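# Coordinate analysis (summary)
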Amino acid sequence: MSSLNKNTFIRSLMFYLPTLFLFLSVLNEIDFNYLEIEYFSFNFVYILIFYWTLKNPHYLSYGSIFIAGLVNDVVTGLPIGISSLCYLLICAVTAYLRNITLTPNFMNDWLSLLFTILLVNSIQVMSLDLIFSIDVNYMRYSINSGFTFVFYPLFLFLFNNLEKKIKTQKND
């Protein structure tokens, strides 16, 4: 009987693993600031939200994405709601892509990620600069967008393997 409960716990843990990754990444603000590499940063949260809401939106709910955006704003010191708006905009783009796509294709997804990153970052930069009068480092946003785009295939591979493990746990 204890193995049955343990197996159920592992199944539910695996199901909520993308949400756990989301909250851990917004709490830690993963962008390699601690390594003091000046021109290297990528936005893991954008990749995570883009992948899971495009491929299988059952693992990340829009409510948890919204709350993660609020947490990110508190951790990074941005005005409340900016990150939530950006994260939900990524969700809107992926929902549109999911509805118009007949057959998933890596290159289409990758180019769609580039469009999404550029759209979200431009809205974030304009709102921070024009509305809130916060000094924005445009070079940092450009470098971050580039590295986020470049690292998507690596995380696509990792998340595909994780999704296979989640599905096998679910079917056992």
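Counting restarts for each chain, with residues numbered from 1 along the sequence as it is written. Owing to the predicted nature of the model, reporting of local features is limited to residues with pLDDT of at least 70; listing and counting of side-chain atom pairs is limited to 80 or more, with chain, interface and lining totals taken over all residues. Just so you know, side-chain values use all the structure's heavy atoms and leave hydrogens and water out.

### Observations concerning helix α3 (residues 44–55)
- Strands are runs of DSSP state E lasting at least 2 residues, helices are runs of H or I lasting at least 4, and numbering of each runs from the N terminus. Every helix has an expected span of 1.5 Å times one less than the residues it contains. Taking 1.5 Å as the rise per residue, α3 with twelve residues should run 16 Å; its terminal C-alpha atoms sit 16 Å apart, in good agreement.
- Only protein chains enter the calculation, and the probe is 1.4 Å; a residue is then buried if its accessible area is under 20% of its type maximum, exposed if over 50%, and partly exposed in between. For α3, the tally of buried residues reaches eleven of twelve residues, placing the bulk of the element in the interior.
- Within the span of α3, buried status applies to F44, V45, Y46, I47, L48, I49, F50, Y51, W52, T53 and L54.

### Some points on helix α4 (residues 62–76)
- Between its first and last C-alpha, α4 extends 21 Å over 15 residues, near the 21 Å set by a 1.5 Å rise per residue.
- The set of residues buried in α4 consists of S64, I65, A68, G69, N72 and D73.
- In this analysis, two residues are considered to be in contact whenever any of their non-hydrogen atoms come within 4.5 Å of each other. Of the surrounding secondary structure, the elements contacted by the buried residues of α4 are α2 (17–28), α3 and α5 (82–100).
- G77, located one to two residues past α4, shows a positive phi value of around 85°.

### What to know about the packing of α3 against α5
- In this analysis an axis means a line fitted to C-alpha atoms, helices contributing only their contacting stretch, and an angle means the value between N-to-C directions, from 0 to 180 degrees. Closest axis-to-axis distance for the α3/α5 pair is 9 Å, and the angle between their directions is 35°. The hand of the α3/α5 crossing is right-handed. Here α3 contributes V45, Y46, I49, F50, T53 and L54 to the contact with α5, which in turn contributes C86, Y87, I90, C91, T94, L97 and R98.
- We call Asp, Glu, Lys and Arg charged. Ala, Val, Leu, Ile, Met, Phe, Trp, Tyr, Cys and Pro are nonpolar, and the rest, Gly among them, are polar. Here the contact of α3 with α5 is built from residues that sort into ten nonpolar, two polar and one charged. By definition, turning the near helix anticlockwise from the far helix through less than a right angle yields a left-handed crossing, and turning it clockwise yields a right-handed one.

### What to know about the nonpolar core
- By nonpolar core is meant a set of buried Ala, Val, Leu, Ile, Met, Phe, Trp, Tyr and Cys residues that side-chain atoms within 4.5 Å join together. In this structure, L22, I49, W52, Y152 and F159 are the most contacted members of the largest nonpolar core, which totals 37 residues.
- Only α2, α3, α4, α5, α6 (106–131) and α7 (138–171) provide two or more residues apiece to this core.
- Of all the elements, α3 adds the most residues to this core, at ten residues.
- Excluding anything up to four places from it in sequence, F159 contacts F44, I47, L48, Y51 and W52.
- Counting five residues, the second-largest nonpolar core is a separate cluster that includes V125, L128, V136 and Y141.

### Things to note about the side chain of N121
- Looking at the element boundaries, N121 is found in helix α6.
- In this structure, N121 is in contact with Y46, Y141 and S145, ignoring residues within four places of it in sequence.

### A short note on the packing of aromatic side chains
- Ring pairs are drawn from Phe, Tyr and Trp, using the six-membered ring of Trp, whenever the two centres fall within 6.5 Å, and their geometry is named by plane angle: stacked under 30 degrees, edge-to-face over 60, tilted for the rest. Scanning the model with the defined rule gives 16 aromatic pairs in all.
- On the numbers, 5.4 Å between centres and 40° between planes, the contact of Y51 with F159 is tilted. Linking Y51 in helix α3 with F159 in helix α7, this pair joins segments that are 108 residues apart in sequence.
- For Y51, a relative accessible area of 0% puts it in the buried group.
- Look at F159 and you get buried, because its relative accessible area is 4%.

### Thoughts on the environment of W52
- Residue placement: W52 occurs in helix α3.
- W52 sits in the buried class, given a relative accessible area of 0%.
- Separated by 39 residues in sequence, W52 and C91 have C-alpha atoms that sit 9.4 Å apart.
- Once residues lying within four places of it in the same chain are set aside, the contact partners of W52 are P18, P57, Y59, L60, F159, L162, E163 and I166.

### Considering the side chain of N144
- Here N144 lies in helix α7.
- In this view, N144 contacts S41, F42 and N43; residues no more than four positions away in its chain are not counted.

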